[in-house]
Amino acid sequence: MFAINHAATALIIKKGFKDVPILWILISVQFMELLWVFLNYIGIERTTTEKEVKYVGNIHLSYMPFSHSILTMVGMSILAWFVISKGLDKLEIGLAVGIGILSHLVLDLITHSRDMAISPFVEGPKFGLGLYANFPVPAFLLEIGYGTACWWIYGGSKALLAVIILFNLANLPMFIAAIPGAKQKMTNRPLLITSFIFVQIVVTLTLVGLLS
Ligand SMILES: [Zn+2]
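Our subject in this report is the structure included herewith. All values derive from a computational prediction rather than experimental measurement. (Residues numbered from 1 in each chain as written. Predicted model: local features only at pLDDT ≥ 70, side-chain atom pairs only at ≥ 80, totals over all residues. Heavy atoms only, no water.)

Structural notes on the overall build of the protein chain
Here is step 1: Helix and strand counts for the protein chain come out as 10 helices and four strands.
Here is step 2: In sequence order, the protein chain lays out its α and β elements as α-α-α-β-β-α-α-β-β-α-α-α-α-α.
Here is step 3: Principal-axis analysis of the C-alpha atoms gives the protein chain an extent of 50 × 45 × 25 Å.
Here is step 4: For the protein chain, the proportion of its 212 residues judged to be buried stands at 46%. (Helix = DSSP H or I, 4+ residues; strand = E, 2+ residues; numbered from the N terminus. Buried < 20%, exposed > 50% of the residue type's maximum accessible area, 1.4 Å probe, protein only.)

Some details on the packing of helix H1 (residues 3–16) against helix H8 (residues 158–170)
Here is step 1: At a closest axis distance of 10 Å, the pairing of H1 and H8 adopts a crossing angle of 155°. Overall, the two elements H1 and H8 adopt an arrangement that is roughly antiparallel. Relative to H8, the crossing made by H1 is left-handed. Across the interface between the two elements, Ile-4, Asn-5, Ala-8 and Leu-11 from H1 touch Leu-160, Val-163, Ile-164, Phe-167 and Asn-168 from H8.
Here is step 2: Looking at the contact of H1 with H8, its residues break down into seven nonpolar, two polar and no charged. (Axes fitted to C-alpha atoms, helices over the stretch in contact; angles between N-to-C directions. Parallel < 35°, antiparallel > 145°, perpendicular 65-115°, else oblique. Left-handed = near helix turned anticlockwise from the far one by under 90°. Contact = heavy atoms within 4.5 Å. Nonpolar A, V, L, I, M, F, W, Y, C, P; charged D, E, K, R; others polar.)

Regarding the coordination of the zinc ion
Ideal coordination angles are 109.5 degrees for a metal with four donors arranged tetrahedrally and 90 or 180 degrees for a metal with six donors arranged octahedrally.
Here is step 1: Surrounding the zinc ion are the protein donor atoms Glu-33 (OE), His-68 (NE2), His-104 (NE2) and Asp-108 (OD), at 2.0 to 2.2 Å.
Here is step 2: Here the donor residues of the zinc ion are spaced in sequence according to E-x34-H-x35-H-x3-D. Placement of the pair is Glu-33 in helix H3 (residues 31–41) and His-68 in the loop between strand S2 (59–63) and helix H4 (70–87), with a sequence separation of 35 residues.
Here is step 3: Note on Glu-33: relative accessible area 10%, which makes it buried. (Donors = N, O, S within 2.8 Å, 3.2 Å for Na, K, Ca; no water.)

Some details on the packing of aromatic side chains
Here is step 1: Throughout the structure, instances matching the rule amount to six aromatic pairs.
Here is step 2: Considering the side-chain rings of Tyr-132 and Phe-175, the 5.8 Å spacing of their centres and the 65° angle between planes classify their relative orientation as edge-to-face. With Tyr-132 in helix H6 (residues 131–134) and Phe-175 in helix H9 (residues 172–175), this residue pair connects regions lying 43 residues apart in the sequence.
Here is step 3: Judged by relative accessible area, which is 3%, Phe-175 ranks as buried.
Here is step 4: Ring pairs connect the aromatic residues Phe-2, Tyr-132, Phe-140 and Phe-175, which therefore count as one cluster. (Phe/Tyr/Trp six-rings, centres within 6.5 Å; stacked < 30°, edge-to-face > 60°.)

Examining the side chain of Thr-111
Here is step 1: Counting through the fold element by element, Thr-111 comes out in helix H5 (residues 91–111).
Here is step 2: Assessed through its relative accessible area of 0%, Thr-111 is described here as buried.
Here is step 3: Those residues in contact with Thr-111, other than ones at most four positions away along the chain, are Met-1, Gly-130, Leu-131, Tyr-132, Leu-142 and Glu-143.

Let's talk about the nonpolar core
Here is step 1: Within the largest apolar cluster, 36 residues are counted, with the highest numbers of intra-cluster contacts made by Leu-11, Leu-160, Ile-164 and Val-208.
Here is step 2: Contributing elements (two or more residues each) for this core: H1, helix H2 (22–29), H3, H4, H5, helix H7 (136–154), H8 and helix H10 (190–211).
Here is step 3: The element contributing the most residues to this core is H1, with seven residues.
Here is step 4: By size, the runner-up hydrophobic cluster in this structure holds 16 residues, among which are Val-56, Phe-140, Met-174 and Ile-193. (Core = buried A, V, L, I, M, F, W, Y, C linked by side-chain atoms within 4.5 Å.)

Considerations on the packing of H3 against H10
Here is step 1: Between H3 and H10, the shortest axis-to-axis distance is 10 Å and the interhelical angle comes to 150°. As the angle between them shows, H3 and H10 are arranged roughly antiparallel. The handedness of the crossing between H3 and H10 is left-handed. Across from Glu-33, Leu-34, Trp-36, Val-37, Asn-40 and Tyr-41 in H3, the residues of H10 making contact are Leu-191, Thr-194, Ser-195, Ile-197, Phe-198 and Ile-201.
Here is step 2: Class assignment of the residues belonging to the contact of H3 with H10 gives a composition of eight nonpolar, three polar and one charged.

Coordinates in, geometry out; function isn't part of it.
As structure tokens, then:
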């Protein structure tokens, strides 16, 4: 799932955990994505592209078994819950953070191509419903609808809704091949893709946090 809608997920978690500072939740929903950015920068995880990037399905998250495998994400969720709830004795925060990390796994499984491994060092099978590659327009509608639903459930301001809608619309060229955009520049430039996603993570988390 794209950054703005992972960030929007923090809103529904915050709704259930009113006493937990939203900063904890914002970091949790994107924790594994930030790890993915770091591991791509240092060359441990890899991203590749087709000869031309026409839409999101032409970008392949070809190797990311540490940041985006089922075992590491579930494991990190449990570990975070355990350390924060039991170690630091902050029960509510631990639970909210655990759910935040797990939400990223669920949302990515729905949208991604079959690129999520069971665990590091296990070749196959891989998981992902494949919406991005096979049904990009429904995927876009699902993303913008989901982001809006998060806002609605939270009961956010008009400015917050505008941010969610605008960032989703800005992603439209990634879903529809016919719409031109900066995507052509991403061909064979995995670190540009990483940087683009990193900036989106930081900006969307900041805006959702400030306007929540
Ligand atoms: Zn992800």
